[in-house]
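Per-entry structural report
The chain contents come next:
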Amino acid sequence: MSKESQLEVKENQDPNVAPEEFVGDEGQVEGYQKEEGKFKLVLSILKQCIGVKDIASLRFSLPAQLLEPVGNLEYWNYVDRPDYFATMGDNDDDLERMLSVLRWWFTKDLRFIRGRVVKPYNSVLGEFFRCKWDVDEPVVREDHTIDPESSHLPLHKTEYTESTKYPIGTGYFRPSTSRSQSSKSLMGKKSTKKSSKYNVPDENASASTPDLNQDSLTSSLSNLQPPSSGSANEPYESTIPTSDSTRYNDEQSGLRTSQKHPVVFMAEQTSHHPAVSAYIVACPSKGVEIFGQDQISVGFTGTSFKVSSGHLNKGVYVRFNHRDNEEYLCTHPSASVGGILRGNLHINMQDSTYITCPRTRIKAIVTYVEERWLGKPKSLVEGVVFRYDPENDCYDTIKSVPNDCILATLKGNWRNCIFYNYAGDSESKMLVDLNELDLVHKRCPPLNKQFPFESRKIWYPVTQNIVSKRYPQATKAKQEIEEQQRQDSAMRHESNTEWKPRFFIPDNENGHPSLTESGRKVLLETLGEL
């Protein structure tokens, strides 16, 4: 759920207070709905869904009281922890970079751990969302986890989010944080001799990080151009702008130099039927970006929803521009949303995620252990990192990987702690401790400076009525937005006009969208303005 929308509305809230007092200047929501009174309405709607192969393709409008006041593009952003995102490419060791990608992967959906399962607004065609975070150069511990306090991110904590945390597993000793070490100070440092033993050299990759130049912010942003051969394994060149991060220090006092790394997220609804959106997340000063196309397929079994990727969703691409455009493809697992009949929705991850890097010839398989029919969900996960042949990728299960190819194994709880072992090492190390991580707020333009088609501005009439619990008015405002979309579609059909996205060029073959010239311009403006 949205970071801003998880702050619970106080029970003594005055119902006569104007809704604008609960919707911030940027359109963020300062409260979320409670579940009471929705159960009968949910059941009546679910009866229409039984036997439908893909609910996501249905064209019916949900009442406003069943929606979370946040747009779909804002909800699916894959950057619940921008500090773990920004530092993915810092280490010079190939294996350590794969482990850093895995750390980001487990933190990107923190909203499912700290927040409730919600239904955001369905995006209208051409809808656009953008936001920004400023990440201080994080302090990286000796075990390569990040000290979250060192990132100085605007945290979102409530009594509810604190209740979702678990005590760390016993028997694990975490090295103390060295506040004199930033992530850059650990670049190239092998965590153990075993780590460097399994490093896969790449003759074409550059091991050095180029100097960052403020003037390059005016250069063109990522081209994100599809390969001519149509192969998803071929590298995509990028000219993402790099910049000197904002620095502040006190050299006389001996304090470490801190840098601020801006991280920008942009997404656009590029198709309505089927519902597809394109997105990019970029940290120019670190040379890190992720991008892809989102499409989901939803089925209803009678007791739970099954959510999986649509055929136009090929996964999330990760690129390290400072490492000769080294690229990873991370496929999505599926998930089930249960607890419908009890009125207490929860999500369970299913199946496997595959993360491949043809340049380093390293692959990871992450399998979410199937939950039992009875009992509480255990949220267990296990995985393996190994050498593979990109031209003959024949290993798709953990058990199928030969022992002599294994570089590391991992296991744990994706809601709690995940540990890993280097091959041949019995000592378990912390991959990521999700208990010490909180959701963070996004920074968006004020409503009066947002485009007319930006998410928070489009849905503002609905949001302000939902948070003040004026549900009939909210439903009416929602229906007016949907009716306007139908009218626009009919006009395009009559004039035989094809709608084209403003900021992204879709890639339905590889799920690898590219930015238009307008998209690069807006991303640069967002980097500088917010």
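Details of the structure are given in the entry above.
This text gives an overview of the structure that appears in the document. Along each chain, the written sequence defines residue order, and numbers are assigned to residues from 1. Per-residue local features of the predicted model are confined to residues with pLDDT of at least 70, and side-chain atom pairs are confined, for both listing and counting, to 80 or more; whole-chain, interface and lining totals are unaffected and use all residues. Side-chain measures were taken over the full set of non-hydrogen atoms in the model, leaving aside hydrogen atoms and water.

1. Examining the packing of helix α9 (residues 460-467) against helix α10 (residues 471-494)
Which entries qualify depends on this criterion: Axis angles are defined between N-to-C directions and span 0 to 180 degrees, where every axis is a line fitted to C-alpha atoms and, for a helix, only to the segment in contact. Put simply, DSSP marks the helices as runs of H or I at least four residues long and the strands as runs of E at least two long, and each gets a number from the N terminus on. When describing relative orientation, an angle under 35 degrees is termed roughly parallel and one over 145 degrees roughly antiparallel, while 65 to 115 degrees is termed roughly perpendicular and anything else oblique. Two helices crossing with the near one rotated counterclockwise from the far one by less than a right angle form a left-handed crossing, whereas a clockwise rotation gives a right-handed crossing. Residue contacts are counted whenever heavy atoms from the two residues lie within 4.5 Å of one another. Residue type decides the class: Asp, Glu, Lys and Arg count as charged, Ala, Val, Leu, Ile, Met, Phe, Trp, Tyr, Cys and Pro as nonpolar, and the leftover types, Gly among them, as polar.
At a minimum axis distance of 8 Å, the contact between α9 and α10 shows a crossing angle of 165°. One finds that α9 runs roughly antiparallel with respect to α10. α10 is crossed by α9, and the crossing has left-handed handedness. Contact residues: α9 offers P461, V462, N465 and I466, while α10 offers Y471, Q473, A474, A477, K478 and I481. Looking at the contact of α9 with α10 residue by residue, the classes come out as 7 nonpolar, 2 polar and 1 charged.

2. Here's the deal with the packing of aromatic side chains
Here is the rule we go by: Whether two aromatic rings pair depends on their centres lying within 6.5 Å, for rings of Phe, Tyr and Trp, where Trp uses its six-membered ring; planes under 30 degrees apart make the pair stacked, over 60 edge-to-face, and the rest tilted. A simple rule labels every residue: compare its accessible area, found with a 1.4 Å probe on the protein chains alone, to the largest value its type can have, and call it buried under 20%, exposed over 50%, or partly exposed in between.
As enumerated under the stated definition, the model contains 17 aromatic pairs in all. Centre to centre, the rings of F128 and F451 are 6.2 Å apart; their planes meet at 50°, and the pair counts as tilted. One end of the pair, F128, is in strand β1 (residues 128-136); the other, F451, is in the loop between β21 (439-440) and α8 (455-458), with 323 residues separating them in the sequence. Here F128 falls in the buried class, since its relative accessible area comes to 0%. Each residue in the set F128, F451, F453 and F503 is aromatic and connected to the rest through ring pairs, giving one cluster.

3. Let's talk about the environment of E96
Relative to the assigned elements, E96 resides in helix α4 (residues 94-107). Look at E96 and you get buried, because its relative accessible area is 0%. Distance from E96 to H144, taken between C-alpha atoms, is 8.8 Å for residues 48 residues apart in sequence.

4. Some thoughts on the pairing of strand β15 (residues 352-357)
Spelled out, the test is: Here, a strand pair is defined by DSSP locating no fewer than two bridges between the strands.
Along β15, 5 of the 6 residues are buried, which leaves the element largely enclosed by surrounding structure. Here strand β12 (residues 326-330) runs beside β15; their pairing, made up of 2 bridges, is antiparallel. Note on β15: the bridge partner recorded for C330 is I355. By the bridge criterion, 6 bridges tie β15 to strand β16 (residues 362-368) in an arrangement that is antiparallel. Paired with S352 across the two strands is T367, which belongs to β16.

5. Here's the deal with the nonpolar core
Formally: The set of buried Ala, Val, Leu, Ile, Met, Phe, Trp, Tyr and Cys residues whose side-chain atoms join them within 4.5 Å is what this entry labels a nonpolar core.
Membership of the largest hydrophobic core comes to 70 residues, with the highest contact counts inside it found for F85, M88, L102, W104, F106, I290 and V385. It is α4 that contributes the most residues to this core, 8 residues altogether. Contacts of M88, omitting those with residues within four sequence positions, involve R97, S100, V101, W104, V288, I290, V318 and F320. Judged by nonpolar contacts, the second largest core, of 26 residues, contains F128, L329, A474 and F503.

6. Considering the state of the cysteines
Put simply, the rule is: Only a pair of cysteine sulfur atoms within 2.5 Å counts as a disulfide in this structure description.
For the structure on display, the rule yields 0 disulfides. Unpaired in this structure, C405 has its nearest cysteine sulfur neighbour in C394, at a distance of 8.7 Å.

7. Some points on the sheet that holds strand β9 (residues 296-300)
Read across the open sheet, the 4 strands follow the order β9-β10-β13-β14; overall the sheet is antiparallel. With one partner strand each, in any of the chains shown, β9 and β14 (346-350) form the two edges of the open sheet. Mean inter-strand twist for the sheet, computed between neighbouring axes without regard to direction, equals 25°. In this sheet, strand β10 (residues 305-309) lies alongside β9 in antiparallel orientation, the contact comprising 5 bridges. Its bridge partner being in β10, F300 is matched across the sheet by F305.

8. Description of the environment of G519
Counting through the fold element by element, G519 comes out in helix α11 (residues 517-529). The spatial distance from the C-alpha of G519 to the C-alpha of E268 is 9.8 Å, given a sequence separation of 251 residues. If we skip the residues at most four places from it in the chain, G519 touches M266, R502 and F503.

9. Here we look at the pattern of salt bridges
Keep this limit in mind: The salt bridge criterion pairs a side-chain nitrogen of Lys or Arg with a carboxyl oxygen of Asp or Glu, the two atoms within 4 Å.
This structure, assessed with the given rule, holds 27 salt bridges. Of the charged contacts, one joins K286 and D90 as a salt bridge, the two residues approaching to 2.9 Å between their closest N and O atoms. Of this pair, K286 sits in the loop between β7 (276-283) and β8 (288-294) while D90 is found in the loop between α3 (82-86) and α4, placing the two residues 196 residues apart along the sequence. A relative accessible area of 8% means that K286 is categorised as buried. A salt bridge links K260 to D136; the shortest N-O distance between them is 2.8 Å. One end of the pair, K260, is in strand β6 (residues 258-271); the other, D136, is in strand β1, and 124 residues separate them in sequence.

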